[in-house]
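Given next are the chains, with one letter for each unit.
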Amino acid sequence: MFHFFDTDHRQALSKDKQTNYNQSEGIKVIGAGLPRTGTLSLKTALTQLYSGKCYHGVDVFAGDQEDVDVWMKAARREMKPEDWREYFGKKSTYVAGVDFPFSLFYKDIMAAYPDAKVVLSTRDSSTWFHSVYNSVYQIDILMKDYPTIPLLLGMLDRRKPAAMEMFKIIGEIIPSGGEVCFREAMEGGPNVAEKFFTDWEAEVRRSVPSDRLLVASAKEGWAPLCKFVGLPAPENDYPRVNDRASIKMLLWNLWIINGLVFYVLPPSIAVAGYVYRSEIALVVQTLGQTVLAWTDLIMDKLFKQ
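Residues numbered from 1 in each chain as written. Predicted model: local features only at pLDDT ≥ 70, side-chain atom pairs only at ≥ 80, totals over all residues. Heavy atoms only, no water.

**Focus: the pattern of salt bridges**
This is how it is decided: Salt bridge, as used here: a side-chain nitrogen of Lys or Arg that lies within 4 Å of a carboxyl oxygen of Asp or Glu. Numbered from the N terminus, helices here are DSSP runs of H or I no shorter than four residues, and strands are runs of E no shorter than two. Burial classes: relative accessible area under 20% of the type maximum marks a residue as buried, over 50% as exposed, and values in between as partly exposed (1.4 Å probe, protein chains only).
Taken as a whole, this structure holds 14 salt bridges when the rule is applied. Across the salt bridge formed by Lys91 and Asp67, the nearest N and O atoms sit 2.9 Å from each other. Of this pair, Lys91 sits in the loop between α5 (81–90) and β3 (94–97) while Asp67 sits in helix α4 (residues 66–75), and the two are 24 residues apart along the sequence. In this structure, Lys91 and Asp67 share a single accessibility class: buried. Between Glu78 and Arg76 there is a salt bridge whose closest N-O contact spans 3.2 Å. Look at the salt bridges and you will find they share partners, linking Lys144, Glu172, Arg183 and Glu187 into a network.

As structure tokens, then:
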């Protein structure tokens, strides 16, 4: 799906790969906030503060097979603290992580990095459902409306399992302290989603020691975050990155390419085949005669030996 992100996201990821970030001693900040709580802004802010990378869901789409396998393993409850340290140890410039799938396993990652601080990015719980529904959840709706889209994504993402399969599985996990999974929260509507949100935040507050936890929203700016991590606030404004436009572009690109590949191209090929059937037949006949001639030549040589 990385192919369908807008130019800004692709350029940002390319810049991420080309930038010489500082080597990290491990994960220093664990983002425990749900998607659509300012996680992309927090990712940008942490990257600037630490001069290191911050893991995000987009990294899964742009990554390799291990970037899918590790979260599948986590979903099966098979990741041990040493496994997390080995995984992020290979990604030696990563200092933090936010958003799903990372935040879904914040407790496991906390156990692997006991000195890491935890940031719960938050927002008004009553607005969360509509923010998710009108952005990332539209991908699920599009895949249900167009069954060929999963086939298209499978053609482009050759990993087995692929990123979308992983996200589907983690979307079925009922988090600690909750009663429904992420998918059910979205399907249940605003009230169910709001309860999912408040249950999630209550569990984070309950399970993370107060001296390791910061609860903050993007609108509060640099001050609470910088004070919490003990770093000076940059002179520039706190990042305000909203990926809704990028998601809309992704959806549009998916819809267009899916239509071309599965609804325009096949009948076009069929029509072309019918219109130029005599020419195609001549080409096929010529190829067949050539193959037979080469076969006879090879057989003659074999029998002569």
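**Examining helix α2 (residues 39–50)**
The line we're drawing: In a helix, the anticipated span is given by 1.5 Å times the number of residues less one.
Between the first and last C-alpha of α2 there are 16 Å, a value that for twelve residues agrees with the 16 Å anticipated at 1.5 Å per step. Here α2 lies mainly inside the structure; ten of its twelve residues are buried. Listed in full, the buried residues belonging to α2 are Thr39, Leu40, Ser41, Leu42, Lys43, Ala45, Leu46, Thr47, Leu49 and Tyr50.

**What about the sheet that holds strand β5 (residues 213–216)?**
Our working definition: Only strands joined by at least two bridges in the DSSP assignment are considered to pair. Every axis corresponds to a line fitted to the C-alpha atoms, with the helix fit spanning only the stretch in contact, and the corresponding angles, defined between N-to-C directions, vary from 0 to 180 degrees. Any pair of residues with heavy atoms lying within 4.5 Å of one another is described as a contacting pair.
Reading across the sheet, the five strands line up as β2-β3-β1-β4-β5 and stay open at both edges, with parallel pairing between neighbours. Across the chains shown, the open sheet's two edge strands, defined by having one partner strand only, are β2 (53–55) and β5. Direction aside, the axes of adjacent strands within the sheet are offset by 30 degrees on average. Pairing between strand β1 (residues 29–31) and strand β4 (residues 117–121): three bridges, direction parallel. Each bridged residue has a counterpart across the sheet, and for Gly31 the counterpart in β4 is Val119. Strands β1, β2, β3 and β4 of the sheet are contacted by α2, whose axis makes an angle of about 150 degrees with β2. On top of the sheet, helix α13 (residues 222–229) reaches β1, β4 and β5; it is set at about 165 degrees to β4, its chief contact.

**A word on unusual backbone geometry**
Geometrically, the link from Phe100 to Pro101 is a cis peptide bond, its omega value of 5 degrees lying close to zero. Within the secondary structure, Pro101 is located in the loop between β3 and α6 (106–112). Residue Pro161 is reached from Lys160 by a cis peptide bond, and omega for that bond is -5 degrees. Secondary-structure assignment places Pro161 in the loop between α9 (148–156) and α10 (163–170). The residue Arg36 is not glycine, and still its phi comes out positive at about 65 degrees. Overall, Arg36 belongs to the buried group, its relative accessible area being 10%. You will see that Asp99, though not glycine, has its phi angle at about 70 degrees, which is positive. Given a relative accessible area of 10%, Asp99 falls into the buried group.

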